[in-house]
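# Topology and contacts: notes
If you want the building blocks of each chain, they are given just below.
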Amino acid sequence: MAEKSASEYRGSIHQQQKELMLDWYQRLDHAAETGDPPTVSMMISGNCVELLEGFGAIPLYPEVNALQLAIRHQSLEPILAAEEMGYAGDNCAYVKADIGCMLKGITPTGGRLPKPTLVLCNFVGCNTYVKWFEHVAAFTGAPLYVLDVPFLRGDQPSQADIDYVVRQLKEVVLQIEMLTGRKFDYDRFRQSVAYSSEVEDLWSQIKHLAKYSPSPFDAYFDAITLMGPLYVYRGKREGVEFFRAALNELKEKAQAGNGIYEQERFRVVVEGPPPYPYFRTFRDMFASWSAVAVASTYSTVGGLWEFGFRHDPKCPFESVAMHMLAQNVTNRNYLQRYDQIRRYVQEWKADGVIIHFVKSCRLFSAGQGDMRDYFTKQLGVPTLYIESDLEDPRYFAEAQTKNRIDAFFESLEHAKHTAGHAVFERSR
Amino acid sequence: MKEFERTFDSLYEGMQDLSFAGVRNWKELHPGAKAVAFFPVYAPMELVHAAGMLPVLLSGAGDRLDIQHADSRFGSFICSIIKTTMEMAMTGHLEPFDGLLFSSICDSARNLCFVVKRNYPQMYVDFLHLPHSTSESSVDFLDAEYRRIITELERLGGAPVRQAALNRSIELYNEQRRLVRCLYDLRAQSPHLLRAWESYVLIRSGNLMPVEAHIEVLKQALDYLPTRPGKKRDAIRVVIEGAFCEQPPLELIRLLENAGCDIVEDDLAIAQRWFTEDVPLTGDPVRALAESYVQRSVYSSVRHDFSKPRWEGLAEKVRGTRAEAVIFLIAKFCEPAYFDFVLFKKKVDEMGLPHLLLEFEEKLFTFDRLRTEVETFVESLVFD
Ligand code: SF4
Ligand code: SF4
């Protein structure tokens, strides 16, 4: 057990992120009580949290609530309640957990959650979002706006795509003005976009620290811890302060040659969301091999910044649109995801790819067999494919998953021995 | 009458034919011309038709193709049509097509688009974003999106797409849609003259043939059917909802009818009934198509409509056809249909209507369990 907890990064940022998230939940509780500040339900993927700053409104992320529940082993009850209502066994369990909680009045912290001022479906790639938010609106009676973000069909969005999203963002502004009676503060919005761009720069630098060997943090498991502040506080001064502190702390660690294990043995790239109901168990399966994730696609759901994109206060609406359209993994096309992973493997010097198929999420998982084919056959990268779920505890086959992970690392180890020092050097 | 039955048989064969012989023949007759296929649900066939190509709307492979390769690309919890379409690609069945288009219906279909694209780089594979919004900006967007597709088609075909050709195509497809609406009206009013499985064959086979030929088929049917001998029967009037993409086996539709249901409305192979009105022939044709999609589409599980919730659409359908029950026919792992079921069911309950939920797979071939469920349901209504 001692080795297991050693894998987790626990610096002062860990504590700080907890406080920030607690503070957020407290403000939501306050909003539930007083109606102030206004709250807007949004999806994590390609979220436009900056826009809310222009109203002093705060985001309400049902996904964050759902994952919190799952980590605390509380997701099954609401899932069953939703199934009782007619949701299918094969519907995304995030939705079921969220709706189930709403019906049963369960919240992740025990505090209250407000009825949102606006249910803003920032439809970014995931078609389930549209259904989810239609349902939230129908059950809460809150107004709904579906912000239709064209899927990225080519490499870059067209001008028509950008114009379309900008026009809708402006419609959202009008709608929130109408709903709250508050005037949109453009300067505050622009300032928020500026904070975002700073945060993104810091976050991107953190991601690049994982190129160090050993990596000072795990870019899958630890990155998830940092994702909360990234989505809630990205457009705020607190966000900038938090990520500056995080960067400093991790940089120091990297430069001192401190990794998360005494000796880092394997470097992997992880594709797909984690099994939140078995988060710790799953992490331990990697820890027992001293394997670190140097990059992950899941940590780019809310935004993809390590390849250079930043929000731009000079054209705030356009850059928010650009972020939603092209700079998050969910709205990018599937082949762009292959390419993202390929770059991670090459530039972050990974030994292999772990593909975690989650049954809830077709956005992530439909076609991952082809992805495996691409990496193993076309690129010759060792790839492990495992299946479970991100929210529903009924789909985690612990012994089988562990066996497969063990077998994968054994074969990587074997390959290192037979290939002499070539691969080993890389991973040191 | 004989003639109609003969036509009908050949339509049925054509619909089942995975070698796409009709498409191959068409290409032989039109040397150098291209055929472009769409994955369901809706497809702007006019754009392809106006480019001088043969547009075809695919519907999976039913039980006529064993999945031997596609499972390795699309694993568990994915609906069958994704796998059969992939299998068709991997086994050369899609070879008659020069292009394949997908649209924003669900995440599985979208990812399939890009998997096909990677594996078949010689084919023109594209993704069409159909808006999930009904605002004016959505019309502008879709207008631009259609123009992008037209440019791609021009590149593929090597010739410009002219406005006159687009107008002519819209006119033809309007005619097809009008005739299909007539067919549905006839069926809803006189289910004894036209069974649902028959109208289904009449319509679905049209997805695979030139629209001009399909129009003739529909006209022939509409001429003949009112004179067809047929006895009214005691049956329950039902609406079928949920099978808009992956298609149930024909046998299942017959089973429902034989069990005592008159299927007076459905959303099977719904593309030919997608618009509530004709696409206007005044003004710019591309804009007219875009505007029709955004503002005059039927309600559907694969698009969001601000102006009217989907469940109200279902309620209107039920009222309009004086249906007595709703049967939800949902493809296994079809997430859009699963989600909508919850709010549809709520609405149907509020209306005091009975409903039945049936799950199917296109490749289903034993029906005993489903038959029992349907018979029990029908009995419970008859003896109520
Ligand atoms: S399908 Fe996937 S991306 Fe969509 S809500 Fe569910 S888990 Fe999130
Ligand atoms: S059947 Fe449903 S899940 Fe499958 S491709 Fe069609 S819409 Fe998507």
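Predicted model only: the values in this text are computed from it and were never measured.

## Observations regarding the overall build of chain B
Assigned secondary structure in chain B consists of 14 helices and eight strands. Against the 2.2 N^0.38 benchmark of 21 Å for 384 residues, chain B shows a C-alpha radius of gyration of 20 Å, consistent with a compact globule. Long-range pairs, those at least 24 residues apart, make up 73% of the contacts in chain B between residues at least 6 apart in sequence. Of the roughly 14200 Å² that chain B leaves accessible, carbon and sulfur atoms contribute 50%.

## Considering the site of ligand 2
Looking at ligand 2, the residues that line it are Phe39, Cys79, Ile81, Ile82, Ile105, Cys106, Phe244, Cys245, Glu246, Phe333, Cys334 and Glu335 of chain B. Across the shell around ligand 2, the residue classes tally to 10 nonpolar, no polar and two charged.

## A word on the site of ligand 1
Residues and elements named next belong to chain A. In the vicinity of ligand 1, the residues found are Cys92, Tyr94, Cys126, Thr128, Tyr129, Trp132, Ser360, Cys361 and Leu390. It is helix 7 (residues 127–140) that contributes the most residues to the shell around ligand 1, three residues altogether. Looking at the shell around ligand 1, you find at least three residues from each of domain 1 (5–185) and domain 2 (189–425).

## Here we look at the sheet that holds strand 3 (residues 118–121) of chain A
Strand-to-strand pairing in sheets goes through backbone hydrogen bonds, with the strands running parallel or antiparallel. Residues and elements named next belong to chain A. If you walk across this open sheet you meet the four strands as 2-1-3-4, and the pairing is parallel. For this open sheet the edge positions go to strand 2 (58–60) and strand 4 (144–146), each flanked by a neighbour on one side alone. Ignoring strand direction, the axes of neighbouring strands in this sheet form an average angle of 30°. The pairing of strand 3 with strand 4 spans three bridges and is classified as parallel. The partner of leucine 120 across the bridge, within strand 4, is tyrosine 145.

## Quick notes on the interface of chain B and chain A
By a frequent convention, interface size equals the accessible area lost on bringing the separate parts together. On the side of chain A, 55 residues touch chain B, which itself brings 49 residues to the contact. Where chain B abuts chain A, roughly 4400 Å² becomes buried across the two surfaces, and 58% of that area is made up of carbon and sulfur atoms. Counting the surface chain B buries against chain A, the share from its top three residues, Phe77, Arg118 and Phe339 of chain B, is 17%. The interface formed by chain B and chain A holds nine salt bridges in total. Two residues, arginine 73 of chain B and aspartate 370 of chain A, come together in a salt bridge whose shortest N-O distance is 2.6 Å. Counting across the interface, chain B meets chain A through 29 residue pairs in polar contact (both at pLDDT 80 or more). In the side of chain B that touches chain A, the residues fall into 20 nonpolar, 14 polar and 15 charged.

## Section: the nonpolar core
Of all hydrophobic cores here, the largest spans 303 residues; its most connected members are Leu169, Tyr298 and Phe409 of chain A together with Phe97 and Tyr146 of chain B. Here this core takes 10 residues from helix 7 (residues 163–189) of chain B, the largest share from any one element. Ignoring sequence-local partners within four residues, the contact set of tyrosine 298 of chain A consists of Leu67, Tyr94, Tyr220, Ile224, Met227, Gly272, Pro273, Pro274, Tyr276 and Phe364 of chain A.

## Considering the domain arrangement of chain A
Residues and elements named next belong to chain A. For chain A, the assigned domains read domain 1 (5–185) and domain 2 (189–425). The distance between the C-alpha centroids of domain 1 and domain 2 comes to 22 Å. If you look at the interface, domain 1 gives 69 residues, while domain 2 gives 62 residues. For the pair domain 1 and domain 2, the two sides together bury roughly 5300 Å², of which 62% comes from carbon and sulfur. Linking glutamate 53 and lysine 236 is a salt bridge whose minimum nitrogen-to-oxygen distance equals 3.0 Å. Our enumeration of links across domain 1 and domain 2 arrives at 24 residue pairs in polar contact (both at pLDDT 80 or more). Looking at the side of domain 1 that touches domain 2, the element that brings in the most residues is helix 2 (residues 12–34), giving 10 residues.

Analysis parameters
Residues numbered from 1 in each chain as written. Chains lettered and ligands numbered in written order. Predicted model: local features only at pLDDT ≥ 70, side-chain atom pairs only at ≥ 80, totals over all residues. Heavy atoms only, no water. Helix = DSSP H or I, 4+ residues; strand = E, 2+ residues; numbered from the N terminus. Rg over C-alpha atoms; globule rule 2.2 N^0.38 Å. Contact = heavy atoms within 4.5 Å. Areas by Shrake-Rupley, 256 points an atom, 1.4 Å probe, with all protein chains shown as cover. Near = heavy atom within 4 Å. Nonpolar A, V, L, I, M, F, W, Y, C, P; charged D, E, K, R; others polar. Domains from an automatic or database assignment. Pairing = 2+ DSSP bridges. Axes fitted to C-alpha atoms, helices over the stretch in contact; angles between N-to-C directions. Buried area = accessible area lost by both parts, 1.4 Å probe. Salt bridge = Lys/Arg side-chain N within 4 Å of Asp/Glu carboxyl O. Polar contact = N/O pair within 3.5 Å; in protein donor to acceptor, adjacent residues only side chain to side chain. Core = buried A, V, L, I, M, F, W, Y, C linked by side-chain atoms within 4.5 Å. Buried < 20%, exposed > 50% of the residue type's maximum accessible area, 1.4 Å probe, protein only.

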